[in-house]
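# Structural features, examined
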Amino acid sequence: MATLNIEIDGRTLQVESGDTIMDAANAAGITIPHFCYHKKLSIAANCRMCLVQVEKAPKPLPACATPVTEGMKVHTRSEYAINAQKSVMEFLLINHPLDCPICDQGGECTLQDLAVGYGGSSSRYQEIKRVVREKNLGPLIATDMTRCIHCSRCVRFGQEIAGVMELGMAGRGEHVEVMPFLENQVASELSGNVIDLCPVGALTSKPFRYSARTWELSRRPSISPHDSLGSNLEVHVKDNKVMRVLPRENEDVNECWLADRDRFSYEGLNTAERLTRPMLKHDGQWVEATWQAALELVANKLKAIPADQIGALSTPYRPAEELFLLQKLMRGLGSGNVDHRLRQSDFSLDDKAHGGFWLGMPVTYMSRLKRMLVVGSNLRKDHPLMAHRIRESVRWYGQLNLINAAEDEFLGKVHAKRIVAPSQLAAALAGVCRALAELKNLPLPAIAAHGIVDDTAKKMADSLAGGETRAVFLGNMAQHHSSYGQIHALAQEVAKLAGASFGVLGEAANSVGAVAVGAIPGCGPLGQPAVKGLNAQQMLANPLRAYLLLGVEAELDTHDPVSAMASINAAEFVVVMSPYKGMSLDYADVLLPIAPWTETSGTFINTEGRVQSFGAVVKPLGETRPAWKVLRVLGNLLGLAGFDHNDSKDVLRDAIGDTPTGSVQAFLNNEVSGVTVAPPQTHEGLERVAEVPIYQTDAVVRRSPSLQMTQDATLPVARMHSRLIAKLGLTENGRVSVRQTACALTLKVQRDDLLPDTCVRIPSGHPLTAGLGPMFGPITAESV
Amino acid sequence: MSLLAPTPQVCSWTQALDNPGSLATYVANGGYQALRRVITEQVSGDDIIAELKTSALRGRGGAGFPTGLKWSFMPRAFAGDKYIVCNSDEGEPGTFKDRDILRYNPHQLIEGMAIAGYVLGARVGYNYIHGEIFDCYQIFEAALKEARDAGYLGDKLFGTDFCFQLHAHAGYGAYICGEETALLESLEGKKGQPRFKPPFPASFGLYGKPTTINNTETLASVPWIMQHGGQAFLELGKPNNGGSKLFSVSGHVNKPGNFEVPLGTPFAKLLEMAGGVRSGHKLKAVIPGGSSAPVLPADIMMDCTMDFDSVAKAGSMLGSGAVIVMDETVCMVRALERLSYFYFEESCGQCTPCREGTGWMYRIIHRIEHGQGKPEDIELLNSVAGRIGGHTICALGDAAAMPVQSFLKHFGHEFEHHVEHKRCMDGTEQ
């Protein structure tokens, strides 16, 4: 790129050729007023607010769309430029309702701000103003379309970032309206970003509506506790209550975006279901207790039970400090029974791994990959913003290949895909492995010996052999799969043969952090040797005498909720540490109210190994306490050494040292060795395919009323191929009785011809399907 | 008449013949000879462009841009797909010339587009035809079939390696789709809205590929120039204004219609050809180049010759050659009200000044026309027009502003009269 010399407002600047005047001005810190321009969206040049004077040009030019040329002289504040800008502002205001006093955008509105500088104090427009009917965009976005200035940012966002055009500009001239298709709602998992993009109050947050003014809110930084990206948040607080959540820009993580889950889950913090005082079950009745009484009871009970009969389970959505103290407590007691991988079913890699599994690359690299293979992932719903980055790669001519047990709309071009029953997933990978070895004339790895090459495998191999940047990723479904070890090992071989980076898309906010601080059996913090113990599945397959549950809602968070609940119900002592009461009222003996992420300091380590610490943004509700403090006191009461931390930073230091980023990076390693792969078995009968719905992943999301009203939160159904529906004598939209081991359930049948015809797809993690067995494995279906 | 003789009827010569639009008539009178020669003799594109530059052929759609220069912008060496697009989206009020070419001489347009395809390296062309002249679209489709069947379109023309496919596309009648980039958007199946330029179509046009867009009459003139040479075409007209041009004369004349006359013909002569101002009345004003062109009062107009430079010098535009004649009975306020309603209705709504301003202007004029105007409205109207012009993505904003500004400039007293007396001036009620 050549460097050009230009002049803006008398300042001589060196800029890259290809830049626009807006780019050059931004880089030089010169503000040019604008509405439709947004650095992440295509150039529309339709608002005309950024008109500037360019010497020798016959008319004012839009700074956002005008490329710089050598010797160009630009005036952004000359009388000529200001006149053009004031002209545009007058036009924008003539039909704008100017209802700022009752508008949620008031105080943070670009139009309001710029009108101060460029608008008149009275209007020359005497006619009746335009009124535009409201649109129903669903439970998350409120509309006041009369305020719309038609900048088209929301439309471009859908087309370019969310990957689906859910809003369009209908009509012509004055009658142009932003509207959804045929009274559809906006259903994208990234939809909330249009609220931020809208420069006026046309699109605002429905849950936040009329609840506070922007100037009343304190803005506090935080980190999202949901997916493994660790989106950076700006939490807005009023009167010690979280009022809303907005993105905090971080180009390396979430850019300026936020998934709806990260944005709207805060509603789940303020529900009546919050546990606010420690509670004890006394003769079958729940009574409130003091912290001291509750913790003493827990300590005494735990002392009385042999350590190997205690199981400690946490969700991977809890901060690293808590996970660290939980494992320290268990190991202090002499037990290695600690785990956070509640939805995993194959733990065979525990003695074959050489470090913690991670993305294998920085998140930013995902936007510029040329060749990709994603195995077992519902990308959009599991990792909304990482899916956006992969879409960006695809838009830049990257090729995405998919191997999965179910097909969900990716909203981008897929180069090759293979949708097979879960039992055939490993074989499909072995096929690609063999095709690659043959293509590149490399020795075939022994574990792929049974691989069968067909056209799809060849197409994927061809794709993965080319391009400059390549990656193989394993998704949530792969990690929950009952042959995860084999899938991981085969994917690793594919990556090696392709010369590709190999990564695991972490399931949850702290999936990497939990392993790094040693919350798995047999492996202490940063991989230090530790006493062996039971993994999550072993702890839940057969009852232990006591369970210590950290943030776990066992009926929803586990791979096999039926066997998990059987074991927990059979235990003699169950301690639940949770911000919520929930179903634990039925099975716990002690309930300890711990702080959700907004009420405690802590750390999430995202899937690229980024250590992101955050502070509390509000005070704990009622008697709620940060879990790290609770565990520290419990450690003291149990007489264990090393529980003398002053603050969460102390805990983190204890866990991963003074240089957390370096230590974690050094620990991360996706390499596994010594995995044997069984030849594929032909599977008789039907198999279940399960995913965790996007708004059922963790306890906070489950309690967000607005998210639960979205289309992504509709009741689970049994999805089947039409051939299977016919074969079983079922009818579409009729009822089906599904059965796994001893559990049966009646669900609605939904046709899904993208599924293999030997599979029934039923979501897990939902109260309606909690009565069903494991996420994968045999299932029967018959008419009711 | 035929294409074999260098008559001034460049595009309209077939109208004197029987079966004017048929392939047989066209071929019998020298049609497709230029195409055959250019292709079989492998005439170089540079030579053809040079010939066009000599001819001083200027775009007949309204802007009057030199065609040879436009063609030279095309990256002809670019190996990928390129397109030639004909703009038959004739929607400007007062303009009705291209439809006569489609009706009576479609093959000359087809030949012109094929030559353009040959020069520019485009293997595919599109003719985008205005939605409100669907009969012309049907006629053109029939002509395309004739040309394909006769081997003038398709693969390996005249036994050479040159292939050219041509397709007709019926628009839906939106005025804005006559703007070339809005036309491309519409052709791509999207909402017809202009694109911001740069990039220009020559580098990023239809489907993002290099594209040249010319008016129907422009492309239809190409075979004539190939047949008789650029110099002959130039000599038809006057320097910098080569050839003849179709003028659509409408309004208060005795014999409205299309008249093809050499550029540089005095306006008085054109008016005479159209039968003069209707009997018993006298000329008041003329819009010389379609509704977007500034209006000119009779005395200025009568001194003009009909060519790009003369009309521009007089303060208006030759535009598409749509001459709207108004006699002394016309109320200029009412005339402008009607015109501004058109732009209000046809604004695409994409960019702010035009979306918001065209409706505002119409409402002010409507108010004045209906006796509710205020003295300050005239200045307001002028100011709003000034705030639209030059501030929009495409020329529609200017097109909406120019009539307003010119009506106020030349006939401001009528507006003042309306405001003051709340009715038309005596003798102007139309």
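Quantities reported herein were computed from a predicted structural model and do not represent experimental measurements.

## Structural notes on the interface of chain B and chain A
Contact with chain B, which involves 33 residues of that partner, is made by 36 residues of chain A. Between chain B and chain A, a total of about 2900 Å² is buried, with carbon and sulfur atoms accounting for 51% of that surface. Area buried by chain B at its contact with chain A is led by Glu356, Trp360 and Arg387 of chain B, which between them contribute 24% of it. In this structure, the connection of chain B to chain A is made through 5 salt bridges. One salt bridge connects Arg367 of chain B with Glu127 of chain A, and the closest N-O pair in it is separated by 2.2 Å. Here chain B is connected to chain A by 21 residue pairs in polar contact (both at pLDDT 80 or more). Where the side of chain B that touches chain A is concerned, the elements lending two or more residues are helix H14 (332-346), helix H15 (352-369) and helix H16 (375-388) of chain B. If one sorts the elements of the side of chain B that touches chain A by residue count, H15 of chain B sits on top with 10 residues. Among the residues making up the side of chain B that touches chain A, the classes are represented as 14 nonpolar, 10 polar and 9 charged.

## Here's the deal with the domain arrangement of chain A
You can read the domains of chain A as domain 1 (1-94), domain 2 (306-352 + 524-667), domain 3 (363-504) and domain 4 (686-783). Each of domain 1 of chain A and domain 2 of chain A has a C-alpha centre, and the two are 54 Å apart.

## Considering the nonpolar core
Within the largest apolar cluster, 74 residues are counted, with the highest numbers of intra-cluster contacts made by Phe35, Met49, Met89, Leu111, Phe157, Ile390 and Phe473 of chain A. Considering every element that reaches this core, the biggest residue donor is helix H2 (residues 79-94) of chain A, with 6 residues. With near-sequence residues (within four places) excluded, Phe473 of chain A lies in contact with Leu359, Met361, Met366, Leu369, Leu373, Val374, Val375, Gly503 and Leu505 of chain A. Ranked by size, the runner-up nonpolar core spans 57 residues in total, among them Ala34, Ile48, Tyr137 and Ala220 of chain B.

## A short note on the UniProt feature "domain: 4Fe-4S Mo/W bis-MGD-type" (unreviewed entry) in chain A
UniProt annotation of "domain: 4Fe-4S Mo/W bis-MGD-type" (unreviewed entry) refers to residues 217-273 of chain A when read in the numbering used here. As a span, residues 217-273 of chain A carries 9% helix and 35% strand, and end to end its C-alpha atoms are 25 Å apart.

## With respect to the pairing of strand S19 (residues 416-419) of chain A
Residue and element names in this part refer to chain A. With burial as the criterion, only one face of S19 is covered, namely that bearing Ala416 and Arg418; the residues Lys417 and Ile419 on the opposite face remain uncovered. In terms of strand pairing, strand S18 (residues 399-404) meets S19 through 4 bridges, oriented parallel. Bridging from a neighbouring strand, Ile403 pairs with Arg418 of S19.

## As for the pairing of strand S7 (residues 167-170) of chain A
Residue and element names in this part refer to chain A. When S7 meets strand S8 (residues 177-180), the two strands line up antiparallel, connected through 4 bridges. Bridging from a neighbouring strand, Met169 pairs with Val178 of S8. Where S7 hands over to S8, the hairpin turn is made up of 6 residues, of which Gly171 adopts a positive phi near 85 degrees.

## Thoughts on empty space enclosed by the protein
Residues and elements named next belong to chain A. Inspection of every chain in the model, using the stated rule, returns 10 cavities of 30 Å³ or more. Within this model, the largest cavity holds a volume of roughly 170 Å³. Tallying contributions element by element places helix H23 (residues 699-702) first for the lining of the largest cavity, with 3 residues. A class-by-class count of the residues in the lining of the largest cavity yields 8 nonpolar, 2 polar and 4 charged. Both of domain 2 (306-352 + 524-667) and domain 4 (686-783) provide at least three residues apiece to the lining of the largest cavity.

## Examining helix H8 (residues 320-333) of chain A
All names here are of chain A. Compared with the 20 Å implied by 1.5 Å per residue over 14 residues, the 20 Å span of H8 between its first and last C-alpha is a close match. Judged by how many residues are buried, H8 sits mostly within the fold: 12 of 14 residues are covered. Here H8 has its buried residues at Ala320, Glu321, Glu322, Leu323, Phe324, Leu325, Leu326, Gln327, Lys328, Leu329, Met330 and Arg331. One or two positions beyond H8, positive phi appears at Gly334, with a value near 100 degrees.

## Things to note about the pattern of salt bridges
Residue and element names in this part refer to chain A. Enumeration over the complete set of coordinates arrives at 75 salt bridges over all chains. In this structure, Asp351 engages Lys352 in a salt bridge whose closest nitrogen and oxygen atoms are separated by 3.6 Å. Of the residues examined, Asp351 reaches a relative accessible area of 62% and is grouped as exposed. One salt bridge in this structure joins Lys417 and Glu407, with 2.8 Å as the shortest N-O distance. Of this pair, Lys417 sits in strand S19 while Glu407 sits in the loop between S18 and S19; the two residues are 10 residues apart in sequence, bridging distant segments of the chain. Within this structure, Glu273, Arg343, Glu507, Glu553, Asp557, Arg702 and Arg703 form a network of salt bridges that share partners.

## Digging into the sheet that holds strand S8 (residues 283-287) of chain B
Residue and element names in this part refer to chain B. Taken together, 5 strands build an open sheet; the order of strands is S6-S5-S11-S8-S9 and the sheet is mixed. Two strands in the sheet have a free side with no partner beyond their single neighbour: strand S6 (257-262) and strand S9 (296-297). Pairing of strand S5 (residues 244-251) with strand S11 (residues 322-327), which is carried by 4 bridges, proceeds in the parallel orientation. Residue pairing for S11: Ser248 is matched across the bridge by Ala322. Strands S8, S9 and S11 of the sheet are contacted by helix H17 (residues 396-421), whose axis makes an angle of about 150 degrees with S8.

## Digging into a nonpolar patch on the surface
A contiguous nonpolar patch, built from Met165, Phe181 and Leu182 of chain A and spanning about 340 Å² of accessible area, is present on the exposed surface. Note on placement: Leu182 of chain A falls in the loop between S8 and helix H5 (193-197).

## Side note on the domain arrangement of chain B
All names here are of chain B. Per the domain assignment, the segments making up chain B are domain 1 (23-236), domain 2 (244-327) and domain 3 (332-421). Here the C-alpha centre of domain 3 lies 35 Å away from the C-alpha centre of domain 1. Summed over both sides, the interface of domain 1 with domain 3 buries roughly 880 Å², with 69% coming from carbon and sulfur. On the domain 1 side of the interface with domain 3, the three residues burying the most area are Tyr175, Ile176 and Pro194, jointly 51% of the side's total. For the pair domain 1 and domain 3, the interface holds 0 salt bridges. The interface formed by domain 1 and domain 3 contains 2 residue pairs in polar contact (both at pLDDT 80 or more). Residue classes in the side of domain 1 that touches domain 3 are distributed as 6 nonpolar, 4 polar and 3 charged.

## A look at the UniProt feature "domain: 4Fe-4S His(Cys)3-ligated-type" (unreviewed entry) in chain A
As recorded in UniProt, the sites labelled "domain: 4Fe-4S His(Cys)3-ligated-type" (unreviewed entry) are residues 80-119 of chain A. Annotated as residues 80-119 of chain A, this span is 60% helix and 0% strand, and its ends, taken at the C-alpha atoms, are 16 Å apart.

## A closer look at the side chain of Glu356 of chain B
Turning to its location among the elements, Glu356 of chain B is positioned in helix H15. Using a relative accessible area of 2% as the deciding quantity, one classes Glu356 of chain B as buried. Polar side-chain contacts of Glu356 of chain B include one of 3.0 Å to the side chain of Arg355 of chain B. Excluding its chain neighbours within four sequence positions, the residues that come into contact with Glu356 of chain B are Phe91, Ile94, Asn95, Arg130 and His150 of chain A.

## Some remarks on helix H4 (residues 153-162) of chain A
Helical geometry note: an α-helix holds 3.6 residues per turn, so side chains three or four residues apart project in the same direction. Residue and element names in this part refer to chain A. Buried residues dominate H4, accounting for 9 of its 10 residues. Every buried residue belonging to H4 is among Arg153, Cys154, Val155, Arg156, Phe157, Gly158, Glu160, Ile161 and Ala162, and all of these are buried. In the segment just after H4, Gly163 is the residue with positive phi, at about 85 degrees.

## Section: the sheet that holds strand S20 (residues 470-474) of chain A
Residue and element names in this part refer to chain A. Across the sheet, 5 strands lie side by side as S19-S18-S17-S20-S21; this open sheet has parallel pairing. The open sheet terminates on both sides in strands that have one partner only, identified here as S19 and strand S21 (501-504). Going across the sheet, the axis of each strand differs from the next one's by a mean of 15 degrees, ignoring polarity. Across 5 bridges, strand S17 (residues 371-375) lies against S18 in parallel orientation. What sits directly across from Arg371, in S18, is Gln399. Contacts from helix H11 (residues 425-440) reach S17, S18 and S19, with the element oriented near 145 degrees to S18.

## A word on the confidence of the model for chain B
Residues and elements named next belong to chain B. This prediction gives chain B a mean pLDDT of 95; 100% of its residues lie at or above 70. Taken element by element, the predicted model of chain B shows its lowest mean pLDDT in helix H13 (residues 308-313) (95) and its highest in strand S2 (residues 124-129) (98). Reported confidences for the modelled complex are a pTM of 0.94 and an ipTM of 0.93.

## Remarks on the environment of Cys36 of chain A
All names here are of chain A. The residue Cys36 is located in the loop between helix H1 (21-27) and strand S3 (51-54) in this model. Distance in space between the C-alpha atoms of Cys36 and Asp698 is 37 Å, their sequence separation being 662 residues. Sequence-distant contacts of Cys36, that is, excluding residues within four places in its chain, are made with Ala44, Ala45, Asn46, Cys47, Cys151, Arg153 and Arg156.

## Here's the deal with the packing of helix H3 (residues 45-55) of chain B against helix H9 (residues 216-228) of chain B
All names here are of chain B. Their axes nearest at 10 Å, the elements H3 and H9 cross at an angle of 100 degrees. It follows that H3 is roughly perpendicular to H9 by the angle criterion. The segment H3 lies against H9, with Ile48, Glu51, Leu52 and Ser55 engaging Val222, Ile225 and Met226. Split by residue class, the contact of H3 with H9 holds 5 nonpolar, 1 polar and 1 charged.

Calculation notes
Here the residue numbers are simple positions, counted from 1 along each chain's written sequence. The order in which chains are written sets their letters, starting at A; the order in which ligands are written sets their numbers, starting at 1. Owing to the predicted nature of the model, reporting of local features is limited to residues with pLDDT of at least 70; listing and counting of side-chain atom pairs is limited to 80 or more, with chain, interface and lining totals taken over all residues. Think of the side-chain values as coming from all heavy atoms in the structure, minus any hydrogens and water. Residue contacts are counted whenever heavy atoms from the two residues lie within 4.5 Å of one another. In short, buried area is how much 1.4 Å probe accessible area vanishes from two parts on joining, totalled over both. Only one rule defines a salt bridge in this text: a Lys or Arg side-chain nitrogen within 4 Å of an Asp or Glu carboxyl oxygen. In protein, a polar contact requires one atom able to donate a hydrogen and another able to accept it; more generally it is a pair of N or O atoms within 3.5 Å, and residues adjacent in sequence count only if both atoms are side-chain atoms. Helix numbering and strand numbering both begin at the N terminus, where a helix is a DSSP run of H or I of at least 4 residues and a strand a DSSP run of E of at least 2. Throughout, the ten residues Ala, Val, Leu, Ile, Met, Phe, Trp, Tyr, Cys and Pro are labelled nonpolar, Asp, Glu, Lys and Arg are labelled charged, and all others, Gly among them, are labelled polar. Those domain boundaries reflect an automatic or database domain assignment. Among buried residues, those of type Ala, Val, Leu, Ile, Met, Phe, Trp, Tyr and Cys that are joined through side-chain atoms within 4.5 Å constitute a nonpolar core. When accessible area is computed with a 1.4 Å probe and restricted to protein chains, residues below 20% of their type maximum are described as buried, those above 50% as exposed, and intermediate ones as partly exposed. UniProt positions are given in the numbering used here, feature names are shortened, and annotations may be inferred rather than shown by experiment. Pairing between strands is defined by DSSP: at least two bridges between the two strands are required. The definitions used throughout rest on a 1 Å grid laid over the protein atoms alone, on which a cavity is an enclosed set of points accommodating a 1.4 Å probe that cannot get out and a pocket is an open set flanked by protein within 12 Å on both sides along at least five of seven lines; lining residues are those having an atom within 4 Å of a point. Grid points are joined across faces, edges and corners, and a volume is the space filled by probe spheres set on the points. Multiplying one less than the number of residues by 1.5 Å gives the expected span of a helix. Structural elements are reduced to axes, namely lines fitted to C-alpha atoms, with helices fitted over the stretch in contact, and the angle between N-to-C directions of any two is expressed from 0 to 180 degrees. Patch membership needs two things, relative accessible area over 30% and no salt bridge, and members are linked within 9 Å if like-charged or within 5 Å if nonpolar (Val, Leu, Ile, Met, Phe, Trp, Tyr). Every accessible area reported is derived by Shrake-Rupley at a probe size of 1.4 Å, with residue values counting cover from the shown protein chains alone. Scored from 0 to 100, pLDDT reflects the predictor's confidence in each residue. Angular relationships are summarised with four words: roughly parallel below 35 degrees, roughly antiparallel beyond 145, roughly perpendicular across 65 to 115, and oblique for the angles in between.

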